[in-house]
Amino acid sequence: MNIPNIKEARKRSDKEVSYIYLNQEYDNSAFKNKKYFLRTYGCQMNVHDSEEIASRLESLGFVPGNSIEDSDVVILNTCAIRENAHDKLFGFLGRCKHEKEKNNPDLIIAICGCMAQEEGVVNNLLKNHPYVDIVFGTHNIYQLQELILNRNKKQQIEVFSCEGNVYENISYKRESSIKAWVNIQYGCDKFCTYCIVPYTRGKQRSRKSNEIINEVKQLKKDGYKEVTLLGQNVNAYGKDIDGELSFAGLLEEVSKTGIERIRFVTSHPWDFTDEMIEVIAKYSNIMPYIHLPLQSGSTNVLKQMGRRYTQEEYLELYKKIKDKIPNCAITTDIIVGFPNESDDDFNETLKVVNECKFDGAYTFIYSPREGTPAAKMDDSISLEVKEKRLQELNSLINNYSLESNKKYLGREVPVLLEGISEKDSSKLFGYTDTFKLVNVSGLKDNIGKIVNVKITDAKSFSLDGEIQ
Ligand code: 5AD
Ligand code: SF4
């Protein structure tokens, strides 16, 4: 049993990262045709982890189920950042408990993801939710099969609060056959004062560039059209390995594989180099789209957040990107109601939004995360004020999203069609190079292709168009 420990999770040492080449084989008749139900909350990192989890379950013989009620194992991959994370976890557990007590005493219930890394959450599960069989952390996914095979009456908790290693030879059951996630870096060392990620995901550690390039080459061979390079701070890629490529160098090499579309998330404004901007501008298969979290427009709040840039520096970078990469779309993340954010501070955020006119933004009300420095700060701002600010910000953001989308009206743009639209089954959906969602009428055999689409209507969150 390994229980999470926030003090351990906070540690950063000079200990070298181990690169571990997994060679795991399992008897795939162990759970032949038993069903699994896997629900995922949170960011792309979690979505991609779930692709690994699904592959591990299938290596034991499990097949996908449709619900908690028709499954033999249920796994909830949790997020510690998004709103209502706790409510979602305990709501899900309530349903699982009911099912196990009333209908299926053999149901295996497992919890993983960022909340599994939180001391308070795991202690609560141990004390109050004995029907949960397995809790495994973000560093422990490789142990999943063993945990299921060796389960017994006792709860099994395997959560390392370590700086972390890098595992290779991981199999994924990818959700799409058109676009794929590719990890380039794990963890984060930025320690922004509000953020739990450096504690839940360990220290910043890069994968070796040759492994990344080989993965992209294989994906291309398998017919994938797009890869998204994943990391908490992709611009810091390679800094933790002597002699490794920089992120700009990596992008260039990935571009040379000839895969049709390359995206990357997330960039930190702090170490975004001119070289990166040049490379993105130079190669046509690197998409002109950057997610550049602002968090706050107030230099004072940015300082309290530990973000390492000022309002002026953010704006300067923003302008440089817009100047050098024609047609580049930029989206952002903004937190309102950081402890003691004044009206003036909030107005600075509005000012930056008015200057940047972002293509889109994810907005959040600050919520304290146990163990982070900001959670200890006094806060004199009421929730009511924070909610009002969020509303004001959202309506401004939505206006600019609509404005930026309207610029596409009448234009013809390349769109990678990904599937049938969820809202209207007579339509297909896809994304422009600038990551605008487009709904189009058209035949299914266009799915997986990049087609020219003429934009006929623009809304705040999507475009409509016709295949040319
Ligand atoms: N409260 C509110 N929003 C947060 N984010 C991260 N931590 C918190 C928090 N404690 C937001 C940031 C980040 C995004 C993924 O989530 O804006 O960029
Ligand atoms: Fe969190 Fe900051 Fe790291 Fe992003 S850069 S994951 S906000 S600590």
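Just so we're clear, the structure is a prediction, and the values are computed from it rather than from any experiment.

1. Examining the nonpolar core
Right, on to step 1. Of all hydrophobic cores here, the largest spans 66 residues; its most connected members are Leu229, Phe247 and Ile321.
Right, on to step 2. Once residues lying within four places of it in the same chain are set aside, the contact partners of leucine 229 are Val182, Ile184, Val234, Phe247, Leu251, Val254, Ile262, Arg263, Phe264 and Val265.
Right, on to step 3. Ala9, Ala80, Ile109 and Cys114 belong to the second largest nonpolar core, which has 27 residues in total.

2. A closer look at the sheet that holds strand β3 (residues 63-64)
The pairing of strands in a sheet happens through backbone hydrogen bonds and is either parallel or antiparallel.
Right, on to step 1. Pairing in this open sheet of 6 strands is parallel, and the strands run β3-β2-β4-β5-β6-β7 from one edge to the other. The sheet is open, and its two borders are formed by β3 and β7 (156-158), each paired with just one other strand.
Right, on to step 2. Strand direction decides the pairing type here: strand β2 (residues 35-40) and strand β4 (residues 73-78), joined by 5 bridges, are parallel. What sits directly across from tyrosine 36, in β4, is valine 73.

3. With respect to the pattern of salt bridges
Right, on to step 1. Under the definition given, this model contains 26 salt bridges.
Right, on to step 2. Where arginine 207 meets glutamate 168, a salt bridge forms, and the shortest distance between an N and an O atom there is 2.8 Å. Of this pair, arginine 207 sits in the loop between β11 (205-206) and α7 (209-221) while glutamate 168 sits in strand β8 (residues 166-168), and the two are 39 residues apart along the sequence.
Right, on to step 3. Assessed through its relative accessible area of 6%, arginine 207 is described here as buried.
Right, on to step 4. Of the charged contacts, one joins lysine 239 and aspartate 271 as a salt bridge, the two residues approaching to 3.2 Å between their closest N and O atoms. In this pair, lysine 239 sits in the loop between β12 (226-230) and α8 (247-256) while aspartate 271 sits in the loop between β13 (261-265) and α9 (274-282), placing the two residues 32 residues apart along the sequence.
Right, on to step 5. Owing to a relative accessible area of 56%, lysine 239 belongs among the exposed residues under this scheme.

4. What about α9?
Right, on to step 1. Along α9, the residues classified as buried are Met276, Ile277, Val279 and Ile280. Relative to the axis of α9, the buried residues are bounded by an arc of 165 degrees and lie together on one face. Seen from the buried face of α9, the exposed residues on the opposite side, beyond 90 degrees, are Glu278 and Lys282.
Right, on to step 2. Looking at the packing, one finds that the buried side of α9 touches α8, β13, β14 (289-291) and α11 (311-324).

5. Focus: the layout of surface pockets
Right, on to step 1. There is about 480 Å³ of room inside the second largest pocket.
Right, on to step 2. Taken together, 14 residues line the second largest pocket, and the ones lying closest to its centre are Ser421, Glu422, Lys423, Leu437 and Asn439.
Right, on to step 3. Per element, the largest residue contribution to the lining of the second largest pocket is 3 residues, and it comes from strand β18 (residues 427-432).
Right, on to step 4. Of the residues in the lining of the second largest pocket, the class split is 5 nonpolar, 3 polar and 6 charged.

6. Examining the pairing of strand β19 (residues 437-441)
Right, on to step 1. Inspection of the sheet shows β18 paired to β19 by 5 bridges, in the antiparallel sense. Considered in β19, the bridge of glycine 430 is made with valine 438.
Right, on to step 2. Both β19 and strand β21 (residues 463-467) contribute to a ladder of 4 bridges, which runs parallel. Bridged to valine 438 within β21 is leucine 463.

7. Topic: the site of ligand 1
Right, on to step 1. For ligand 1, the full set of nearby residues is Ile81, Tyr194, Gln295, Asp333, Ile335, Phe364, Ile365, Tyr366, Ser367 and Arg369.
Right, on to step 2. One of the side-chain nitrogen or oxygen atoms of glutamine 295 is found 2.7 Å away from an oxygen atom of ligand 1.
Right, on to step 3. Interatomic distance of 2.8 Å between a backbone N/O atom of serine 367 and a nitrogen atom of ligand 1.
Right, on to step 4. In the complex, the protein chains occlude 89% of the 400 Å² of accessible area that ligand 1 would expose alone.
Right, on to step 5. Those elements giving two or more residues to the shell around ligand 1 turn out to be β15 (329-336) and β16 (360-365).
Right, on to step 6. Of the residues contributing to the shell around ligand 1, the split by class is 6 nonpolar, 2 polar and 2 charged.

8. Details of the environment of isoleucine 75
Right, on to step 1. With respect to the secondary-structure elements, isoleucine 75 resides in strand β4.
Right, on to step 2. Along the backbone, isoleucine 75 and serine 382 are 307 residues apart, and their C-alpha atoms lie at a distance of 36 Å.
Right, on to step 3. Once residues lying within four places of it in the same chain are set aside, the contact partners of isoleucine 75 are Phe37, Leu38, Arg39, Ile53, Leu57, Phe92, Ala110, Cys112, Phe136 and Leu144.

9. Digging into the site of ligand 2
Right, on to step 1. Taken together, Cys188, Lys190, Phe191, Cys192, Tyr194, Cys195, Val197, Pro198, Gln232, Asn233, His268 and Arg307 make up all the residues around ligand 2.
Right, on to step 2. Residue classes in the shell around ligand 2 are distributed as 7 nonpolar, 3 polar and 2 charged.

10. Comments concerning α11
Right, on to step 1. Its 14 residues place the ends of α11 20 Å apart at the C-alpha level, agreeing with the 20 Å of an ideal helix rising 1.5 Å per residue.
Right, on to step 2. Check the buried side of α11 and you find it contacts α9, β14, α10 (299-305), β15 and α12 (343-356).

11. What to know about the packing of helix α3 (residues 85-102) against helix α4 (residues 119-128)
The relative placement of two packed helices is expressed as an angle between their axes plus a distance between the axes.
Right, on to step 1. α4 packs onto α3 with a crossing angle of 20 degrees between their chain directions and a minimal axis gap of 13 Å. Taken together, α3 and α4 sit at an angle that is classed as roughly parallel. Once α3 is placed against α4, the crossing between them reads as right-handed. Mapping the contact onto sequence places His86, Leu89, Phe90 and Leu93 in α3 and Val121, Asn124 and Leu125 in α4.
Right, on to step 2. Of the residues assigned to the contact of α3 with α4, the class counts are 5 nonpolar, 2 polar and no charged.

Conventions adopted
Residues numbered from 1 in each chain as written. Chains lettered and ligands numbered in written order. Predicted model: local features only at pLDDT ≥ 70, side-chain atom pairs only at ≥ 80, totals over all residues. Heavy atoms only, no water. Core = buried A, V, L, I, M, F, W, Y, C linked by side-chain atoms within 4.5 Å. Buried < 20%, exposed > 50% of the residue type's maximum accessible area, 1.4 Å probe, protein only. Contact = heavy atoms within 4.5 Å. Pairing = 2+ DSSP bridges. Helix = DSSP H or I, 4+ residues; strand = E, 2+ residues; numbered from the N terminus. Salt bridge = Lys/Arg side-chain N within 4 Å of Asp/Glu carboxyl O. Arc of directions from axis to C-beta. 1 Å grid on protein atoms, 1.4 Å probe; cavity = no way out; pocket = protein on both sides within 12 Å on 5 of 7 lines; lining within 4 Å. Points joined across faces, edges and corners; volume = space filled by probe spheres on them. Nonpolar A, V, L, I, M, F, W, Y, C, P; charged D, E, K, R; others polar. Near = heavy atom within 4 Å. Polar contact = N/O pair within 3.5 Å; in protein donor to acceptor, adjacent residues only side chain to side chain. Areas by Shrake-Rupley, 256 points an atom, 1.4 Å probe, with all protein chains shown as cover. Expected span 1.5 Å × (residues − 1). Axes fitted to C-alpha atoms, helices over the stretch in contact; angles between N-to-C directions. Parallel < 35°, antiparallel > 145°, perpendicular 65-115°, else oblique. Left-handed = near helix turned anticlockwise from the far one by under 90°.

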